[in-house]
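If you want the building blocks of each chain, they are given just below.
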Amino acid sequence: MRDPLEPTARGPDDALDRVLRQELRWEAPPDVTARLLGLIPNGTVWAETLQRPRPQPWYSTLVLILTAVAVGVSLAVAWQVVGALSAELGVVAILEQLRAAPAIGLQRLYETLPVSRQIVAVLVMVREQLHWLLLAIMLWLALDGWQPRRLSARQTR
């Protein structure tokens, strides 16, 4: 069975990836490790200090809850500050103008070029048809990619 972390061979970059993966993995020989640990005075005490006990579950839960409360309060304060700044700078009015800009632009276009109404109507119809075509393609690809053989092969293992 193929290792799920091993990439499939797709090109020259994959060969480079495999070589780099092999070369970047380095393990120290056991005798070197033993000699390095021998250089440390009271090596057994040092090794014991690395194995710290895990905190109690209630303590981890308390820290998680306090962190969530702190993040929530920070977000609430930030929301208030951004709301006050946007009210002072008139961001709401700017957003309303941006929302109304396409309708104003179309109205001016219709007034300037009356033929543009038919062109825009045709473009809207084409867009709707392309929307349905895209939806059909997505459904076709989703259903075409489903292969019951793979599902049954997983169940038999």
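Residues numbered from 1 in each chain as written. Predicted model: local features only at pLDDT ≥ 70, side-chain atom pairs only at ≥ 80, totals over all residues. Heavy atoms only, no water.

### Some details on the overall build of the protein chain
The condition is simple: To qualify as a helix, a DSSP run of H or I must reach at least 4 residues; to qualify as a strand, a run of E must reach at least 2; elements of each kind are numbered from the N terminus. Here's how the labels work: a residue is buried when its accessible area is under 20% of the maximum for its type, exposed when over 50%, partly exposed in between, all with a 1.4 Å probe on protein chains only. Surface accessibility in these figures is a Shrake-Rupley result with a 1.4 Å probe; residues are shielded only by whichever protein chains are displayed.
Within the protein chain one finds seven helices and zero strands. Listed by position from the N terminus, the elements making up the protein chain come as α-α-α-α-α-α-α. The burial tally for the protein chain puts 3% of its 157 residues in the buried class. Approximately 15,100 Å² of the protein chain is accessible, and the part contributed by carbon and sulfur atoms is 67%.

### So, the packing of aromatic side chains
The line we're drawing: Here the aromatic set is Phe, Tyr and Trp, taking the six-membered ring for Trp, and pairing holds for ring centres within 6.5 Å; pairs whose planes are under 30 degrees apart are stacked, those over 60 apart are edge-to-face, and all others are tilted.
Taken as a whole and judged by the stated rule, the model has one aromatic pair. The interplanar angle of 85 degrees and the centroid separation of 6.0 Å between the aromatic rings of Trp-58 and Tyr-59 together place this pair among those described as edge-to-face. Residue classification places Trp-58 among the exposed positions, given a relative accessible area of 58%.

### Regarding helix α4 (residues 57-89)
Here is the rule we go by: Expected span, for any helix, means 1.5 Å times one less than how many residues it has.
End to end, α4 covers 48 Å across 33 residues, agreeing with the expected 48 Å (1.5 Å per residue, within 8%). One or two steps after α4, the chain reaches Gly-90, where phi turns positive at roughly 75 degrees.

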